[in-house]
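In case you want the letters, here they are:
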Amino acid sequence: EHLPFLKPALTRLLRPQCNCFFLNVFFARPDGQGYHTDNFFTSYCGAFRPTDIVTVAYLGVSDLMEGGDLVVLAASHEEVASPPVRGCEEESAPVLARIRPRAGRAVDFDGRLLHAVMPFSSPAPRISLVIEQCRLPRRHFLKTPKFSVYCQRTNQEIALV
């Protein structure tokens, strides 16, 4: 209703077993992103709440990009003493998947698993749509915003007219 141009993509990417969704247009920095667990819904649940399913849809990726893989480990944050250093992950947990970004590719993975974006060089931005998808109990679901748009830089809500 609010962003009709996204409807075809969301129809394919959203999982029907989930009732809460957080969409983030992610412009990856060339230095990548360290190992982490997505947990947007934690603040609505009162305790750490990892995402059930993470969907990454690559919107813009240069064919000339070097590096920039999404690496998913076969371990959650609870299973390692601290998030591993990129490049030394095998010392903490086996690599479950190493995904090479390509425009139009979409991948799902278990949101409890640690994952990272490897450093890269590229003549163009590496842009993806990241969707955190959860099945929350009603008491937590009712606390989540119905629809909000925030500026990532300022963390301020943007009013849509």
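Refer to the structure above for everything that follows.
Attention here is on the structure that accompanies the text. Keep in mind that what you see is a predicted model, and the values were worked out from it rather than measured.

1. So, the overall build of the protein chain
A tally of helices and strands in the protein chain yields three helices and ten strands. Starting at the N terminus, the α and β elements of the protein chain follow one another as α-β-β-α-β-β-β-β-β-β-β-β-α. On C-alpha atoms alone, the protein chain measures out to a radius of gyration of 16 Å, which is about the 15 Å that the 2.2 N^0.38 rule sets for 161 residues. Its C-alpha atoms give the protein chain principal-axis dimensions of roughly 40 × 35 × 30 Å. Here the protein chain holds 161 residues, and 41% of them are scored as buried. Put simply, of all contacts in the protein chain between residues at least 6 apart along the chain, 81% involve residues at least 24 apart.

2. Topic: the pairing of strand β10 (residues 126-134)
The buried fraction of β10 is high, at nine of nine residues. Going residue by residue along β10, you find Arg126, Ser128, Val130, Glu132 and Cys134 tucked away on one face and Ile127, Leu129, Ile131 and Gln133 tucked away on the opposite face as well. Where strand β1 (residues 20-28) meets β10, nine bridges bridge the pair, whose relative direction is antiparallel. Of the residues in β10, the one forming a bridge with Phe27 is Ile127. With seven bridges connecting them, strand β3 (residues 53-60) and β10 associate as antiparallel partners. Considered in β10, the bridge of Ala57 is made with Leu129.

3. Brief notes about the packing of aromatic side chains
Two aromatic rings are characterised by how far apart their centres lie and by the angle between their planes. In total, this model carries three aromatic pairs according to the counting rule given. When the centroid spacing of 5.1 Å and the interplanar angle of 85° are considered together, the rings of Phe40 and Phe41 count as edge-to-face. Given the relative accessible area of 28%, Phe40 is considered partly exposed. Owing to a relative accessible area of 2%, Phe41 belongs among the buried residues under this scheme. Centroid distance Phe40 to Tyr44: 5.8 Å. Interplanar angle 50°. Geometry classified as tilted. Among the aromatic residues, those joined into a ring-pair cluster are Phe22, Phe40, Phe41 and Tyr44.

What counts and how
Along each chain, residue indices are assigned from 1 in the same order as the chain's sequence is written. With the structure being a predicted model, the display of local features is reserved for residues of pLDDT at least 70 and the display and counting of side-chain atom pairs for 80 or more, all residues being used for whole-chain, interface and lining totals. The basis for the side-chain values is all heavy atoms of the structure; hydrogens and waters are excluded. Numbering of helices and strands runs from the N terminus; a helix is a DSSP stretch of H or I covering at least four residues, while a strand is a stretch of E covering at least two. When we talk radius of gyration, it's over C-alpha atoms, and the globule rule is simply 2.2 Å times the number of residues to the 0.38. Only protein chains enter the area calculation, which uses a 1.4 Å probe; residues under 20% of their type maximum are buried, those over 50% are exposed, and those in between are partly exposed. Contact between two residues is taken to exist if any of their heavy atoms lie within 4.5 Å; hydrogens are not considered. DSSP-based pairing: two strands are paired if at least 2 bridges between them are found. Centre distance within 6.5 Å is the pairing criterion for rings of Phe, Tyr and Trp, where only the six-membered ring of Trp is used; planes under 30 degrees apart are then read as stacked, over 60 as edge-to-face, and the remainder as tilted.

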